[in-house]
Amino acid sequence: MGPTDGFLDRGEAAALVAAADLARGVPVLDVGVGSGRTTPLLRLLSERYVAIDYAPNMIDAFRKNFPDLPAHVADARDLAAFEDGEFGLVVFSNNGLDTVTHEQRRRVLAEFARVTDETGVVVFSTLNRGGRSYLESPFQLRRPTTRPQFSLRALLVAVGRRLLDPSAQVRGVRNWLVNRSKAEDHRSWALAPLQAHEFALVMHFSTLDDVRTLVAGAGLELIAVYGDDGERIAPDRH
């Protein structure tokens, strides 16, 4: 078993391990649950578990996988169905927060703060404006990096994927052409289409300054930040 089994990356693993020390055994709200990737991970922390997702088809898929667990169609921007302080841990994984507008992000976190008790923890992930996913294009053969490098293996893999699934490449180019005009760069945050979703989704990209402002504005305290490599980043770093 590797350190990222069940997790998207080492950063998610590190964040949830850190949260476990503070929130073990408390009621858990799993936001944007999808078909339930995070469910076995969070059930290790607590038997008191509730799942929600904005998409009804995702909740249908979740219920097929976990028929005995409570799951609801709900919008993270409005958690009126839940009481103040009802949960000890709220998790919004897989950059779900980046799918709403810049202004709505604070509303989401404010709702998380409301339904989390005074000693509770909120865990969320957000794309990095300084990371490799920002401003990717369907025409590049490798992802951008801060250090120039050449990898024949990576080049062959990239070419092979395009040859094996040319329809995905066509969709990606079409989506990118449609959505690139929606890109915005405000320096401390940005909007851009994301390659991981074939450029069909325009996502929010954050900086640490943006995250600090967002968290404080929602009435939360920023206690830890992790990169996707699992390394802890000083919350006050610039």
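Now for a quick tour of the structure. Predicted, not measured: the structure shown is a model, and the values here were computed from it. (Residues numbered from 1 in each chain as written. Predicted model: local features only at pLDDT ≥ 70, side-chain atom pairs only at ≥ 80, totals over all residues. Heavy atoms only, no water.)

A separate point is unusual backbone geometry. Look at Leu135: it is not a glycine, yet its phi comes out positive at around 60°. By secondary structure assignment, the location of Leu135 is in the loop between strand E6 (127-128) and helix H5 (152-164). Backbone geometry places Glu198, a non-glycine residue, at a positive phi of 55°. When you line up the elements, Glu198 lands in the loop between strand E8 (189-193) and strand E9 (202-206). Judged by relative accessible area, Glu198 falls into the partly exposed class, the value being 27%. (Helix = DSSP H or I, 4+ residues; strand = E, 2+ residues; numbered from the N terminus. Buried < 20%, exposed > 50% of the residue type's maximum accessible area, 1.4 Å probe, protein only.)

On to the nonpolar core, then. Formed by 22 residues in total, the largest nonpolar core has its most connected members in Leu29, Val31, Phe82, Val90, Leu109 and Phe112. Listing elements by their share of this core, those giving two or more residues are strand E1 (28-31), strand E2 (49-53), strand E4 (87-92), helix H4 (102-115) and helix H7 (208-217). (Core = buried A, V, L, I, M, F, W, Y, C linked by side-chain atoms within 4.5 Å.)

This paragraph deals with the side chain of Asn95. Assignment of secondary structure puts Asn95 in the loop between E4 and H4. A residue is classified by how much of its surface remains accessible, and Asn95, at 17% relative accessible area, is buried. Setting aside its immediate chain neighbours within four residues, Asn95 contacts Ser125, Thr126, Leu127 and Met203. (Contact = heavy atoms within 4.5 Å.)

The subject of this paragraph is the sheet that holds E6. Taken together, four strands build an open sheet; the order of strands is E6-E9-E8-E7 and the sheet is mixed. Of all strands in the sheet, those with a lone pairing partner are E6 and strand E7 (184-185), marking the two edges. As paired strands, E7 and E8 are joined by two bridges and run antiparallel to one another. Each bridged residue has a counterpart across the sheet, and for Glu184 the counterpart in E8 is Leu191. (Pairing = 2+ DSSP bridges.)

Right, let's talk about the sheet that holds E4 for a bit. Here we have five strands laid out as an open sheet, ordered E3-E2-E1-E4-E5, and parallel in their pairing. A single partner strand is all that each edge strand has here, and the edge strands are strand E3 (71-73) and strand E5 (116-124). Across the sheet, the mean angle separating the axes of adjacent strands is 20° when strand polarity is ignored. Where E4 meets E5, five bridges bridge the pair, whose relative direction is parallel. Note that in E5 the partner of Val91 across the bridge is Val123. Where helix H3 (residues 56-65) meets the sheet, it contacts E2 and E3, and its direction lies at approximately 170° from that of E3. (Axes fitted to C-alpha atoms, helices over the stretch in contact; angles between N-to-C directions.)

Shape is all these values report; function is a separate question.
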